[in-house]
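Residue-level structure breakdown
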Amino acid sequence: MNKPKAIVLGGTIPHKALIENLKQRGYYVILLDYYENPPAKEAADRHIQESTLDKDKVLEVARREKVELVISTCIDQANVTACYVGEKLGLPIPYNYQTALDISDKSSMKTMMRQGGIPTSNFIHVGKETSLNLKELKFPLVVKPSDSNGSKGVRRVDSTGEFDQYLADAITISRNNKAIVEEFVEGPEIGVDCFVADHHAHILALHRKRKPQKKDGSVMFSIGSISPPGLSENAKQNIQRIANKVAAVFRLNNTPLLIQLIVHGDHASVVEFAPRIGGGLNFHKINLFAGFDIIDAAIDSFLGVEVTPVYKLHDYYYSENHIYTEPGVFGKICGYEELFAKEVLVAFFPNKTRGMVIHPGKASKDRAASFIVKGETKNEIISKVQQTLDTVKVFDINGNEMAFLHNYRYSSLLF
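Quick summary incoming for the structure in this document. Starting from 1, residues in each chain are numbered consecutively following that chain's sequence as written. With pLDDT at 70 or above as the cut-off, local features in this predicted model cover only qualifying residues; side-chain atom pairs require 80 or more to be listed or tallied, and sums for whole chains, interfaces and linings still use all residues. Hydrogens are left out, water is left out, and the side-chain values use all remaining heavy atoms of the structure.

**Let's talk about the overall build of the protein chain**
Test applied: Secondary structure counts use DSSP, requiring at least four H or I residues in a row for a helix and at least two E residues in a row for a strand, with both numbered from the N terminus. Three labels apply to residues, based on accessible area from a 1.4 Å probe with only protein chains included: buried if under 20% of the type maximum, exposed if over 50%, partly exposed otherwise in between. Any pair of residues with heavy atoms lying within 4.5 Å of one another is described as a contacting pair. The Shrake-Rupley method, run with a 1.4 Å probe sphere, supplies the accessible areas, and residue values consider only the shown protein chains as cover. Positive charges come from Lys and Arg, negative ones from Asp and Glu, while His and the chain ends are left out of the count. Here the site of a charge means NZ on Lys, CZ on Arg, CG on Asp, or CD on Glu.
A count of helices and strands for the protein chain gives eleven helices and 19 strands. Dimensions along the principal axes, computed over C-alpha positions, put the protein chain at roughly 60 × 50 × 45 Å. Of all 415 residues assigned to the protein chain, the portion counted as buried reaches 56%. Counted over contacts in the protein chain with a minimum sequence separation of 6, partners at least 24 positions apart contribute 64%. Surface exposure of the protein chain reaches about 17700 Å², of which carbon and sulfur atoms provide 48%. Of the charged side chains in the protein chain, 50 are positive and 48 negative, and the gap between their average positions amounts to 1 Å.

Quick look at the structure:
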């Protein structure tokens, strides 16, 4: 076989698009994912069932297969693995392994942000043996694992009564047995998708996250987003300054950059960030509504090819939405096909394949599906989201309908 080999770490929907792009570039693509039948498997030339988090196992596979590229797009810890293996084998990587480690560990990230003058909430690091003085922080608080993926273990804490259990859960989930406890900042959460080129963060998309208002002990998970988020010009300028500062402090260039902020009036506070593409359908939104192929740019970033971002932001509303169901073993999704013919949907992607388990934790990895609608008015967006949620049905492996979570089906849209 004369084709160069590439390993893709992670089998999500964005990774399927990544595999397809790599194959168009002439690569023989090996997917490495611990699920038996992940969504991206059908696009790969071969699937090896291993964890993307096991750096030494991935290194062993990369050596054995004599690959020329190890890459991920939208999973923090998989990016760490890609940089680790790339550095060990002298393969191209977008930033060094130490940078990937510093950013993936929220304790290190928050410390460097504070030292670099990047606005972020007050916080403390916590380990199993740490003696806490909660008087240093003001309730409500947020506890989160120091180095987990997605929203696993991220919970809001309103009283000392629930603090101990949530903290213990976060430390247990974290691989380094550490957690972050930070002050909860009031305001809408804004996602910022950028590509850093020539040391400038080009903002490709801004969206306001939608989260359930009910507090039931669940992790702080997102059910979707609204764009544009309705920010003041001063707030947008502040976000631009922050994005440029993040890139400068962490020495990031020629790479995607995803930032999560809380915006209050004209002021913004960084929750966290990652030099990668956002999960879910972020890659598809950016292509649809900015005309920029960020998957293609991410591959160039790994290969060391300088990217010149060319994009144009469209002037209408659009909304990405995630479907969560009760736990069970996923079977199939029905009903969405007819919505394309009615021009209700512009994109719909099942996130599960038959036989995959949906857990009760409501983390981002347990989304059954994601979809995108667009419209000229807010009311058109609301109508299309509601029509989709009323039409789509999810079934388990035995043919039983899997109910949408509590108030999700009829939850309000926030602009």
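**Focus on the packing of helix α3 (residues 76-89) against helix α4 (residues 97-104)**
Heads up, the rule is: Fitted lines through C-alpha atoms give the axes, limited to the stretch in contact for helices. The angle between two N-to-C directions lies from 0 to 180 degrees. An angle below 35 degrees is treated as roughly parallel, one above 145 as roughly antiparallel, one from 65 to 115 as roughly perpendicular, and anything else as oblique. Throughout, a crossing is termed right-handed when the near helix is turned clockwise from the far one, and left-handed when it is turned anticlockwise from it by less than a right angle.
For the pair α3 and α4, interaxial distance at closest approach is 8 Å and the crossing angle is 165°. The angle between α3 and α4 falls in the class roughly antiparallel. Helix-helix and strand crossings are classified by hand; for α3 and α4 the assignment is left-handed. Contact residues: Q77, V80, C83, Y84 and E87 in α3; Y97, A100, L101 and S104 in α4.

**Considerations on the packing of aromatic side chains**
Counted only if it meets this: Two rings from Phe, Tyr or Trp (for Trp, the six-membered ring) form a pair when their centres are within 6.5 Å of each other. A pair whose planes differ by under 30 degrees is stacked, one over 60 is edge-to-face, and the rest are tilted. A positively charged side chain is recorded as over a ring if its NZ (Lys) or CZ (Arg) lies within 6 Å of the ring centre. The angle to the ring normal must also be within 35 degrees.
Within this structure, the stated rule accounts for nine aromatic pairs. Arranged with centres 6.2 Å apart and planes meeting at 10°, the rings of F348 and F371 form a pair that is stacked. On the criterion of sequence distance, the pair formed by F348 in strand β16 (residues 347-350) and F371 in strand β18 (residues 369-375) is long-range, its members being 23 residues apart. When sorted by exposure, F348 lands in the same class as F371, which is buried. Aromatic ring contacts, followed pair by pair, group F289, Y316 and Y318 into a single cluster. One Lys or Arg, K55, reaches over the ring of Y84 and ends 5.7 Å from the middle of that ring.

**With respect to the layout of surface pockets**
The cut-off we apply is this: In this analysis the probe radius is 1.4 Å and the grid spacing 1 Å, with only protein atoms considered; a cavity is a set of points the probe fits into but cannot get out of, a pocket is an open set with protein on both sides within 12 Å along at least five of seven lines, and lining residues have an atom within 4 Å of a point. Grid points are joined across faces, edges and corners, and a volume is the space filled by probe spheres set on the points. We call Asp, Glu, Lys and Arg charged. Ala, Val, Leu, Ile, Met, Phe, Trp, Tyr, Cys and Pro are nonpolar, and the rest, Gly among them, are polar.
For the second largest pocket, the calculated volume is near 370 Å³. Taken together, 17 residues line the second largest pocket, and the ones lying closest to its centre are L206, P228, P229, K236 and L313. Looking at the lining of the second largest pocket, the elements with two or more residues in it are β10 (200-210) and α7 (233-249). Here the element with the most residues in the lining of the second largest pocket is β10; it accounts for four residues. Taken together, the residues of the lining of the second largest pocket break down into twelve nonpolar, three polar and two charged.

**Side note on the pairing of strand β14 (residues 317-323)**
If a strand is regular, its side chains alternate between the two faces of the sheet. Threshold: Pairing between two strands requires that DSSP report at least two bridges joining them.
Burial within β14 is extensive, with six of its seven residues counted as buried. Looking at chain direction, β14 and β18 are connected through seven bridges and run antiparallel. Note on β18: the bridge partner recorded for N321 is F371.

**Some details on the sheet that holds strand β7 (residues 155-157)**
Sheet architecture is open: four strands sit in the order β5-β8-β6-β7, paired in antiparallel fashion. Strands at the two margins of the open sheet, each flanked by one partner only, are β5 (123-127) and β7. For this sheet the average axis-to-axis angle between neighbouring strands, irrespective of direction, equals 25°. Against the sheet, helix α5 (residues 106-115) engages β5, β6 (141-145) and β8 (178-183), with an angle of about 155° to β5.

**Looking at a nonpolar patch on the surface**
The condition that has to hold: By definition, no residue in a patch forms a salt bridge, and every one has over 30% relative accessible area; like charges are joined within 9 Å, nonpolar side chains (Val, Leu, Ile, Met, Phe, Trp, Tyr) within 5 Å. For this analysis, a salt bridge means a side-chain nitrogen from Lys or Arg found within 4 Å of a carboxyl oxygen belonging to Asp or Glu.
On the surface, a nonpolar cluster with roughly 190 Å² of combined accessible area is contributed by V329, V357 and I397. Tracing the backbone through its elements, the reader meets V329 in strand β15 (residues 328-334). The class of V329 is partly exposed, set by a relative accessible area of 31%.

**Concerning the nonpolar core**
Proteins that are soluble and globular tend to have nonpolar side chains buried together. Put simply, the rule reads: The definition of a nonpolar core used throughout is a set of buried Ala, Val, Leu, Ile, Met, Phe, Trp, Tyr and Cys residues joined through side-chain atoms within 4.5 Å.
L22, V70 and F273 are the most contacted members of the largest nonpolar core, which totals 89 residues. Residues F348, I358, A369 and I381 belong to the second largest nonpolar core, which totals 21 residues.

**Notes on the packing of helix α1 (residues 13-24) against helix α9 (residues 294-303)**
Between α1 and α9, whose axes approach to 10 Å, the crossing angle comes to 65°. One element, α1, and the other, α9, form an angle in the roughly perpendicular class. For the crossing formed where α1 meets α9, the hand is right-handed. The residues of α9 that touch α1, namely those facing P14, A17, L18, N21 and L22, are I295, D296 and I299. Class assignment for the residues of the contact of α1 with α9 results in six nonpolar, one polar and one charged.

**A word on the sheet that holds strand β9 (residues 189-197)**
Pairing in this open sheet of eight strands is antiparallel, and the strands run β13-β12-β9-β10-β11-β14-β18-β16 from one edge to the other. On the outer flanks of this sheet lie β13 (267-274) and β16, each paired with one strand and no other. Direction aside, the axes of adjacent strands within the sheet are offset by 25° on average. Note: strand β11 (residues 224-227) against β14, four bridges, orientation antiparallel. Its bridge partner being in β14, S227 is matched across the sheet by Y318.

**Considerations on helix α2 (residues 55-65)**
Inclusion rule: This arc describes the spread of directions from the helix axis toward the C-beta atoms.
Among the residues of α2, those classed as buried are V58, L59, V61, A62 and E65. Looking down the long axis of α2, one finds its buried residues gathered within 165° of arc, a one-sided arrangement. Turning to α2, the residues buried within the fold contact β1 (5-9), β2 (28-32), β3 (46-48), β4 (69-71) and α3.

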